[in-house]
Structure formats: structure tokens, C-alpha cells
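# Summary of the model geometry
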Amino acid sequence: MKFYFLGTCAGTKPISGWHHQSFAMEVGQAVYWFDAGECSSYTAHIMGLNLLQVKTVFISHTHFDHVGGLANLFWNMKKLKGKSIGAFDKVNLFIPNRDAWKGIKTLLEADRRNFSEYIPVEPFDVHDGIIFSDENILVEAIHTEHLGKPENGEWKSFSYKIKCEGRTIIYTGDIGLANVDDLDRIVCDCDLLLVETGHHPYTEVLDALEGKNIGMIAFTHHGEAIRKNPLQACYHAQVKYDRKAIICMDGTTLTI
Ligand SMILES: [Zn+2]
């Protein structure tokens, strides 16, 4: 399986070379999309990914640095598909806030009233537990406290645990703001951990991961500390914490 890091920055003002959070996972002929920050589909196309192979999109939460490029992803798929209607499998969209999808759908249909005849999107709610499986991957959602504790019990922010080709990959999404306690509950033994560093110092994140059996740590959704000095962060993780680690940047690819 191959990972394409399309945007690796937290929700900042525009910064040259850094775009908001998104990555894609290519397994055989299928592409799975995780979060959709600003120009993620543009970057993916330029990197050589076939957007028409996107089968399923998983959104961690609907803050704009994670959905700002979602309408543009579907619009670009339509552009690549051309003028023909039909003969295109639906795209599954797991999104923890139906109102956000309603807004994006309205935007797409303002562009073309029958947009869904070109790119049919089926939205699904996200909840704790296994939410998706097909011939390639199985995906479990685990809530995070990034958007606080909901009074009605409906969590709106999630991490994803992915099983694929006998491996386990965990994507943390955005974790709680008050502390890094979410990590203890979310992260289990895994082959690859994609962990956000936008809300807490990476050293605090690394401390919280002590004792976890993790094949490789890939930092993403960066805050200022890593953006300013990615090599130092990588050095810290590898030498001081004895972790196999990489700092994802826009355009990074990783095959495991
Ligand atoms: Zn974010």
C-alpha cells in the first residue's frame, strides 16, 4: 500500500509550501481518501494519483482545514470523468456532520444542478466501531475529544484505525485540546501511526506514546515547531526517543 501526503499542515493562515491536512492511501486499483484540506485533489492529481479511483472518503471532523478541499475533490473528479453521465460507482463519504455535507452538496449543485448524476456520493454517519470494510481495508472509528464531549453522546471528531494487507495503521485525526490523553485510548500496537502535531508539542506526543509498540511514526498536521525545524523533530524522535519516525511534508509518499 502506498500513502500520498497531500497536505500536512494544521489549520493555519496560508503558508507557502504547506497546505491543510489530507492524505490518500492507494491499495491496488483503489484509492481511499482521509480528510480533504484545501487543494488536496489538485496535489494528488499532480502527483499522479487517479482521482477516478477514489472509492471512499473518510473525514475526521468538519473543521475547515479538513474539509476545505472536499467540494473541489468531487468537482475535479467530474472534470476528469468528462461529459458522460452514469457508469460510475458511487463514492462513499464518511462525514461526522451531515450539515457540512449538505452545504458542500448545495455548492456542487449550484455549479451543476444534476451534479450527483455525474459523481454520485453516498454520505454515511461516523460512530465508534467498525464503519467500513471491503476487499482491501477495514476501518474502525474511535472518537477523539477535539470538539469536546457531546451532550447528546454523538461524537463529532474521530480517529481511524485501518487494517490492510495484514497491517494496522492508525490516523489520529485531531486530538483533544486540553491534553494528549486521547492518544492512550486511540493508539494500540500498530505498524504505522499517523499522528497530528498541530495542538501539542511533539515531545509531549512522543512521551505519551512511550511503551506503545509502533513500527513507524509519521508526524503530520504540523504546528509551528515542526514546520520551522522538521529535521530537529525527526532527530528528537529517532535519536532521543529511539523511534523510527518520519516528518510528512506536502508531496511525501510512503510505501509499506
Ligand atoms: Zn486540524
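Scope of this entry: the structure provided in the associated data block.

Parameters at a glance
- Residues numbered from 1 in each chain as written.
- Predicted model: local features only at pLDDT ≥ 70, side-chain atom pairs only at ≥ 80, totals over all residues.
- Heavy atoms only, no water.
- Helix = DSSP H or I, 4+ residues; strand = E, 2+ residues; numbered from the N terminus.
- Buried < 20%, exposed > 50% of the residue type's maximum accessible area, 1.4 Å probe, protein only.
- Polar contact = N/O pair within 3.5 Å; in protein donor to acceptor, adjacent residues only side chain to side chain.
- Contact = heavy atoms within 4.5 Å.
- Pairing = 2+ DSSP bridges.
- Axes fitted to C-alpha atoms, helices over the stretch in contact; angles between N-to-C directions.
- Donors = N, O, S within 2.8 Å, 3.2 Å for Na, K, Ca; no water.
- Tetrahedral: all angles 85-135°; square planar, octahedral: opposite > 155°, others 65-115°.

Our next topic: the side chain of His222. Mapped onto the secondary structure, His222 falls in strand E12 (residues 214–222). Given the relative accessible area of 0%, His222 is considered buried. Of note is the side chain of His222, whose polar atom sits 3.5 Å from the backbone oxygen of Phe219. Sequence-distant contacts of His222, that is, excluding residues within four places in its chain, are made with Thr8, Cys9, Ala10, Trp18, Thr197, Gly198, Arg227, Ile247 and Cys248.

What the seven strands build is an open sheet, ordered E7-E8-E9-E10-E11-E12-E13; its pairing is mixed. Sheet topology places strand E7 (129–133) and strand E13 (245–247) at the edges, where each strand pairs with a single neighbour. Taken pair by pair, the neighbouring strands of this sheet meet at an average axis angle of 20°, ignoring direction. By the bridge criterion, four bridges tie E7 to strand E8 (residues 137–143) in an arrangement that is antiparallel. Counterpart to Ser133 in the pairing with E8 is Leu138. Each of E12 and E13 touches helix H9 (residues 230–240); the most contacted strand, E13, lies at about 170° to it.

Moving on, we come to the coordination of the zinc ion. The protein atoms that coordinate the zinc ion are Asp65 (OD), His66 (NE2), Asp174 (OD) and His221 (NE2), at distances of 2.2 Å. Classification of the site at the zinc ion as irregular follows from its four donor atoms and the range of 89 to 168° in their angles at the metal. Summarised as a motif, the one-chain spacing of the donors to the zinc ion is D-H-x107-D-x46-H. With Asp65 in helix H2 (residues 64–67) and Asp174 in the loop between strand E10 (167–171) and helix H6 (181–186), the pair connects residues that are 109 residues apart, well separated along the chain. Among the residues examined, Asp174 registers a relative accessible area of 2% and is labelled buried.

Glancing now at the sheet that holds strand E14 (residues 253–255). Pairing is mixed across the open sheet formed by seven strands, whose spatial order is E6-E5-E4-E3-E2-E1-E14. One side of each edge strand has no neighbouring strand; the edge strands of this open sheet are strand E6 (121–124) and E14. Taken over all neighbouring pairs, the strand axes of this sheet differ in orientation by 20° on average, direction set aside. In this sheet, strand E4 (residues 54–58) lies alongside strand E3 (residues 30–34) in parallel orientation, the contact comprising four bridges.

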